[in-house]
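Architecture and fold: a report
What follows is the residue order along each chain.
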Amino acid sequence: MVNSGDQRSASHRKNPSLRRRLCCSFVAPQSPEYVPSKPWKRDSSAAFSSKLHNSGSSFPNSPSPNPRMGLGFIDPRRILSPGRVSPIDSEPPLETLPEISADVSQELEPEVELKFKSIPPAKVVACSGSSLVVQMEANSKDSLDVRLDLKGKDGGRLVLELESEVLRRNSSYLAAKIAETRPSPSYLIEVVDVGDLHVFRETIELMYEKDIVRKLMQLGVTRSIGILEVSSTMKFEKGINSCLHYLEAVPWTESEEEKLKTLFTKCTFEKQKFQDMLARLYPQESATPPPLAIHLVRSVTLGADSRDTRALKSLVKGLLSKSSVYQKDHAGLTKEAIYSTCNSCITLLAQYFQEASNLAPKLVGATKDSRRPLIGRISKQVEDLNWLLEILIEKQMGEEFVGLWGNQKELVRMHEKSSPLVRYELSRVSGHVFIALGRGKLQCRGEERYRVLHSWFSPMLVDFGWLQRCSKGLDVRELEEAMGQALLTLPLKQQQSLFMEWFACFSKNGAECPNLSRAFQIWWRRSFLRSTKTPQSCIEHH
């Protein structure tokens, strides 16, 4: 009988590829049955080189040979981060670069890794840790007579080999540095505390560009702002003019706008070169600034009732609110201007209700406003009044609106004679006033509170059923709570007259009337269940 182990050994001998498939990252222990394969013979260097050139992918993940860099040399832009090993590090380079001197690696001390994109007019000469040596293209290597050593604030380092003639022609700052330095054998200029090495390098490269603006269009606004700052530091006039010309003609984001404002406070430019940008950043001074804010408010109130108008109301209210990030000194947005707009809306409301009551004089020619449905025109003015009231409350100027609405005796009279289809619109304004009073948003005197409640409390009881069915954004439950709280701010005698009127209406109409039961109970306890005698000490003190 044949042993199972002998069978496996025989199968391995018949199929040696099986052993290679099972062996991936370790060496199998040798056994008596193990038959070693033929040793691999390395070809001569010439044959090996020809094979490597003919086979484009002989070694996976290995870089293709580059005749400029030498056979087998790894492109520095493909060097992996520190701590990782390239898959072809075991093979030493067959040639060394003649450009790299023996002392470059000693001068460049590894610190923090920097990553740069490949840039056409430059050639990477050496890379060690955080240091990078970049050689600009020139007619001859001998013309690269300046070594610019840049040291960043974060510890990085960048060395640029440049032409002194290019630097003298473009930067007065670098020209002065070259004049102060002795060539040995080339000029060595050090610049410390560089904020962004990448931006500094891009600024230097713009000195070699024929069309700088076109290059800036490729880089974008944010990087162009950084280049403008570096150009100002190096006194690179051509770069400054190109950046200002490009930035003035393109849109900015809010963050880019803030960067430009900060830059203009730090750097000094000729005013005639960037006055167009200043006009975009800051409003121009004038003797009589136009009332822009109130102009926006009136434009909204005079517009047609549509979804777009409601969106504009939300936009303008957000811009004018105190919590807005765009809050500024709004020229023309005064209390008198807003109340003037409120009076205009109330005047139009009175005209429309006269038309609804057949009291308005008939016009000979039909106007654009008269062709719109009457209910739509009334609703538009009510919406505008409520919107203006919200702005006044936000600006803490809404107390006078309580007295203004409480004195509308003509509107109250026309409310009694109008159809329920249109008259309930007036109670929508009263509802917003009652909610503001009940929630303590309007700090007005007691007589003004009583006047507005006395004038519009009865119309509210009549229209509450209509408001429940067509609230148009009015929170009816909040209105019930706020009405009761507003009544409780009045003297007890005034409370009694209004609560008794409500009780009679509620007992007759039920759900068609606001439910003020909780506030009614509070008034009852205060009036009858407590002592009715006024403290003598309060009278004497008074």
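The structure this text deals with has already been given above.
Before going into details, it helps to say that this report is about the structure given with it. (Residues numbered from 1 in each chain as written. Predicted model: local features only at pLDDT ≥ 70, side-chain atom pairs only at ≥ 80, totals over all residues. Heavy atoms only, no water.)

Attention now goes to the overall build of the chain. Across its full length, the chain holds 24 helices and five strands. For the chain, the proportion of its 542 residues judged to be buried stands at 37%. Counting contacts in the chain only where the partners sit at least 6 residues apart, residues at least 24 apart contribute 66% of the total. (Helix = DSSP H or I, 4+ residues; strand = E, 2+ residues; numbered from the N terminus. Buried < 20%, exposed > 50% of the residue type's maximum accessible area, 1.4 Å probe, protein only. Contact = heavy atoms within 4.5 Å.)

The next subject is helix 22 (residues 492-509). Helix length check: helix 22, at 18 residues, gives a terminal C-alpha distance of 25 Å against a target of 26 Å (1.5 Å per residue), a fit within 8%. When helix 22 is considered as a whole, its buried residues turn out to be Gln-495, Leu-498, Phe-499, Trp-502 and Cys-505. Buried residues of helix 22 fall within an arc of 125° about the axis and therefore sit on the same side. Opposite its buried face, helix 22 presents the exposed residues Lys-493, Ser-507 and Lys-508, each directed more than 90 degrees away. (Expected span 1.5 Å × (residues − 1). Arc of directions from axis to C-beta.)

Before going further, it helps to spend a moment on the pairing of strand 4 (residues 157-162). As a general feature of sheets, a regular strand has side chains that alternate between the two faces. Within strand 4, six of the six residues are buried, which leaves it mostly tucked inside the rest of the structure. The alternating pattern of strand 4 places Arg-157, Val-159 and Glu-161 on one face and Leu-158, Leu-160 and Leu-162 on the opposite face, and all of these are buried. One ladder, built from six bridges, connects strand 3 (residues 146-152) with strand 4; its direction is antiparallel. Looking across to strand 4, one finds that Asp-149 is bridged to Val-159. Hairpin connection of strand 3 to strand 4: four residues between the antiparallel strands, including Gly-155 at a positive phi of 100°. (Pairing = 2+ DSSP bridges.)

For Asp-193, which is not glycine, the phi torsion reads 55° and is therefore positive. Position of Asp-193 relative to the elements: it lies in strand 5 (residues 187-194). Given a relative accessible area of 55%, Asp-193 falls into the exposed group.

A few words now on the packing of helix 10 (residues 237-248) against helix 12 (residues 271-281). Put simply, helix 10 and helix 12 touch, their axes get as near as 9 Å, and they point 35° apart. Between helix 10 and helix 12 lies a crossing of left-handed hand. Contact residues: helix 10 offers Glu-237, Asn-241, Leu-244, Leu-247 and Glu-248, while helix 12 offers Lys-273, Phe-274, Asp-276, Met-277 and Arg-280. Among the residues forming the contact of helix 10 with helix 12, the class breakdown is four nonpolar, one polar and five charged. (Axes fitted to C-alpha atoms, helices over the stretch in contact; angles between N-to-C directions. Left-handed = near helix turned anticlockwise from the far one by under 90°. Nonpolar A, V, L, I, M, F, W, Y, C, P; charged D, E, K, R; others polar.)

All right, on to the packing of aromatic side chains then. Per the counting criterion, the structure on display carries twelve aromatic pairs. The interplanar angle of 50° and the centroid separation of 5.3 Å between the aromatic rings of Phe-520 and Trp-523 together place this pair among those described as tilted. Of this pair, Phe-520 and Trp-523 are both found in helix 23 (residues 517-529), three residues apart, which corresponds to roughly one turn of the helix. Assigned by exposure class, Phe-520 and Trp-523 land together as buried. A centroid spacing of 6.0 Å and a plane angle of 70° characterise the contact between Trp-523 and Trp-524, whose relative ring orientation is edge-to-face. A relative accessible area of 41% places Trp-524 in the partly exposed class. Members of the aromatic cluster, each reached through a chain of ring pairs, are Phe-499, Trp-502, Phe-503, Phe-506, Phe-520, Trp-523 and Trp-524. Over the ring of Tyr-352 we find Arg-377, and its NZ or CZ is 5.2 Å from the ring centre. In this arrangement the basic side chain of Arg-469 is found over the ring face of Trp-466, its NZ or CZ atom lying 5.7 Å from the centre. (Phe/Tyr/Trp six-rings, centres within 6.5 Å; stacked < 30°, edge-to-face > 60°. Lys NZ or Arg CZ within 6 Å of the ring centre and 35° of its normal.)

With that settled, consider the nonpolar core. Side chains that are nonpolar tend, in soluble globular proteins, to be buried together. Within the largest apolar cluster, 70 residues are counted, with the highest numbers of intra-cluster contacts made by Ile-338, Leu-385, Phe-401, Trp-405, Leu-411 and Leu-479. It is helix 15 (residues 335-356) that contributes the most residues to this core, ten residues altogether. The contacts of Leu-385, once residues within four sequence positions are left out, are Cys-342, Cys-345, Ile-346, Leu-349, Phe-401, Trp-405 and Val-429. Membership of the second largest hydrophobic core comes to 46 residues, among which are Leu-162, Ile-189, Trp-252 and Phe-264. (Core = buried A, V, L, I, M, F, W, Y, C linked by side-chain atoms within 4.5 Å.)

In this section: the pattern of salt bridges. By the definition in use, this model includes 24 salt bridges. Between Asp-149 and Arg-157 there is a salt bridge, with the nearest N and O atoms lying 2.9 Å from each other. Overall, Arg-157 belongs to the buried group, its relative accessible area being 15%. A salt bridge links Arg-445 to Glu-447; its shortest N-O distance comes to 3.3 Å. Looking at Arg-445, the relative accessible area reads 53%, which means it is exposed. Via salt bridges that share partners, Glu-383, Glu-425, Arg-428 and Lys-472 belong to a single interconnected network. (Salt bridge = Lys/Arg side-chain N within 4 Å of Asp/Glu carboxyl O.)

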